[in-house]
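Each chain, written out:
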Amino acid sequence: MTVDIDKTSGPSDTPPAGPEAIKAIPVRHYGRYVSAVVAIALLVGVVYAFSQGKINWDAIPDYFFDDRILDGVGKTLLLTVLSMLIGIVGGVMLAVMRLSKNPVTSSIAWFYIWFFRGTPVLVQLIVWFNLGLVFEYINLGPFYKDEWSDFMTPFLTALLGLGLNEAAYMAEICRAGLLSVDEGQTEASHALGMSHAKTLRRIVIPQAMRVIVPPTGNEVINMLKTTSLVSVVQYPELLRAAQDIGQTSGAPAEMLFLAAAWYLLMTSIFSIGQYYLERYYARGSSRSLPATPFQKIKANVLSLSNRSASTGGTA
């Protein structure tokens, strides 16, 4: 017996219609719009207020590259570098002393840090400058002998005042970095016969640099700005040079804005250097290094070009 099958009564070749695509509607953040408008309005108001003030803005470009200003910038950078060198070397020594099992060296380091962190750096500068009231002469035997007022020059006063104060802060930064290294690293190096000094130099300090470098970069930038305090001891750095020009030119406020512009320029350059230094020491702890500013710009430009090309192709 044959059975006739109606071919037209079978299932349809067209698949059933699927669910309708969900249209995602982004959430509107009205608070962001309002805060952005308020911030822009405040910025415009501040700029307008400064533009209408009794300030001779033309004096700033006239003196921006003045020889006295450039000399002050050079002395500011020199003082920053030398003070940080004293601070870093002294900070490492104090950190090692603080972590020592010898109670005498540990106590001396603790007292140093306590004293220099507990007194303002401006007070320390003035005290160094006036120590001639205590030490009339400085006598180093057959090597050097002179009056204190001739020995303690403004530059030496600024260098000692900033460098020794910075050593106290760098000691805590270095101590935190040394403590961040696992004790097993030290035990393993001692088991291999390495001395304590060699363990610090070869094992502990290289691993601690990842923790030490970021706050040290901040201290360098802070030191650059702190050098403005040494104007009280007559050292002709940037702020002192700007003040001297302001008194002779009759534009004291304009010269302060000029000094602020130079400080902003130098701190910006130091910040870029700090970023790449942190990126260098992050190689051992991060699987993928963060993109540099140039890489971010390049990625954004490529994404915009690819988006415009795809839009043109679909059109």
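Residues numbered from 1 in each chain as written. Predicted model: local features only at pLDDT ≥ 70, side-chain atom pairs only at ≥ 80, totals over all residues. Heavy atoms only, no water.

## Let's talk about the pattern of salt bridges
Quick note on the threshold: Basic side-chain nitrogens of Lys or Arg form a salt bridge, by our definition, when they fall within 4 Å of a carboxyl oxygen of Asp or Glu. Helix and strand assignments follow DSSP, with helices taken as H or I runs no shorter than four residues and strands as E runs no shorter than two, numbered in order from the N terminus. Exposure is judged per residue with a 1.4 Å probe applied to protein chains only, and the accessible area is read against the type maximum: over 50% gives exposed, under 20% gives buried, and values in between give partly exposed.
Inspection of every chain in the model, using the stated rule, returns 6 salt bridges. Here Asp71 and Lys75 are joined by a salt bridge, their closest N and O atoms 3.5 Å apart. Of this pair, Asp71 and Lys75 both sit in helix α3 (residues 67-98), 4 residues apart, roughly one helical turn. The exposure class assigned to Lys75 is partly exposed, which follows from its relative accessible area of 25%. Taking the shortest distance from any N to any O, the salt bridge between Arg117 and Glu172 comes out at 3.8 Å. Highlighted residues: Arg117 in helix α4 (residues 103-118) and Glu172 in helix α7 (residues 154-179), separated in sequence by 55 residues. It is possible to trace a salt-bridge network through shared partners that takes in Arg98, Arg117, Glu172 and Arg175.

## Considerations on helix α5 (residues 121-129)
Let me state the cut-off plainly: The arc under discussion is defined with respect to the helix axis, by the directions toward the C-beta atoms. The contact criterion used is simple: two residues touch if any of their non-hydrogen atoms lie within 4.5 Å.
For α5, the full list of buried residues reads Val121, Gln124, Leu125 and Trp128. Mapping the buried residues of α5 onto a view down its axis gives an arc of 100°, with all of them on the same face. Buried residues in α5 make contact with α4, α6 (148-151), α7 and α9 (196-226).

## Overview of the packing of α4 against α7
Selection rule: Axes here refer to lines fitted to C-alpha atoms; in helices the fit is confined to the stretch in contact. Angles between the N-to-C directions go from 0 to 180 degrees. An angle below 35 degrees is read as roughly parallel, one above 145 as roughly antiparallel, one from 65 to 115 as roughly perpendicular, and any other as oblique. Take the far helix as the reference: if the near one is turned anticlockwise from it by less than a right angle, the crossing is left-handed, and if turned clockwise, right-handed. Gly is placed with the polar residues, together with every amino acid not listed as nonpolar (Ala, Val, Leu, Ile, Met, Phe, Trp, Tyr, Cys and Pro) or charged (Asp, Glu, Lys and Arg).
Contact geometry of α4 with α7 gives a least axis separation of 9 Å together with a crossing angle of 120°. Classified by the angle their axes make, α4 and α7 are oblique. For the element pair α4 and α7, the recorded crossing hand is left-handed. Where α4 abuts α7, its residues Tyr112, Ile113, Phe116 and Arg117 lie against Leu164, Asn165, Ala167, Ala168, Tyr169, Ala171 and Glu172. Residues belonging to the contact of α4 with α7 are distributed by class as follows: 8 nonpolar, 1 polar and 2 charged.

## Some thoughts on the side chain of Ser231
We count it as follows: What qualifies as a polar contact is a pair of N or O atoms within 3.5 Å, subject to a donor-acceptor requirement within protein and to the restriction that residues adjacent in sequence count only when both atoms come from side chains.
Note on placement: Ser231 falls in the loop between α9 and α10 (238-249). Residue class for Ser231 comes out buried when judged on its relative accessible area of 9%. For Ser231, the side chain forms a polar contact with the main-chain oxygen of Ser228, separated by 3.1 Å.

## Quick look at unusual backbone geometry
Here Gln234, not a glycine, exhibits a phi torsion of approximately 70°, which is positive. Its location among the elements puts Gln234 in the loop between α9 and α10. Take Gln234: its relative accessible area is 43%, and that puts it in the partly exposed class.

## A few points about the layout of surface pockets
Heads up, the rule is: Points on a 1 Å grid, built from protein atoms alone, make a cavity when a 1.4 Å probe fits but cannot get out and make a pocket when they are open with protein on both sides within 12 Å along at least 5 of 7 lines; residues with an atom within 4 Å of a point are the lining residues. Grid points are joined across faces, edges and corners, and a volume is the space filled by probe spheres set on the points.
A volume near 490 Å³ is recorded for the largest pocket. What lines the largest pocket is a set of 15 residues, and nearest its centre among them are Leu99, Leu178, Leu179, Thr186 and His196. For the lining of the largest pocket, the secondary-structure elements that each account for two or more residues are α7, α8 (183-191) and α9. For the lining of the largest pocket, the element with the highest residue contribution is α9, accounting for 4 residues. Looking at side-chain class alone, the lining of the largest pocket contains 7 nonpolar, 4 polar and 4 charged residues.

## Some thoughts on the nonpolar core
Spelled out, the test is: Throughout, nonpolar core names a set of buried Ala, Val, Leu, Ile, Met, Phe, Trp, Tyr and Cys residues whose side chains join them through atoms within 4.5 Å.
Formed by 21 residues in total, the largest nonpolar core has its most connected members in Leu79, Leu162, Leu178 and Val230. Mapped by element, the contributors of at least two residues to this core are α3, α5, α7 and α9. Residue contributions to this core peak at 7 residues, all from α7. Excluding residues that lie within four positions of it along the chain, Val230 makes contacts with Leu79, Leu125, Ala158, Leu162, Tyr235 and Glu237. Counting residues in each nonpolar core, the second largest holds 16 residues, with Leu238, Ile245, Met255 and Trp262 among its members.

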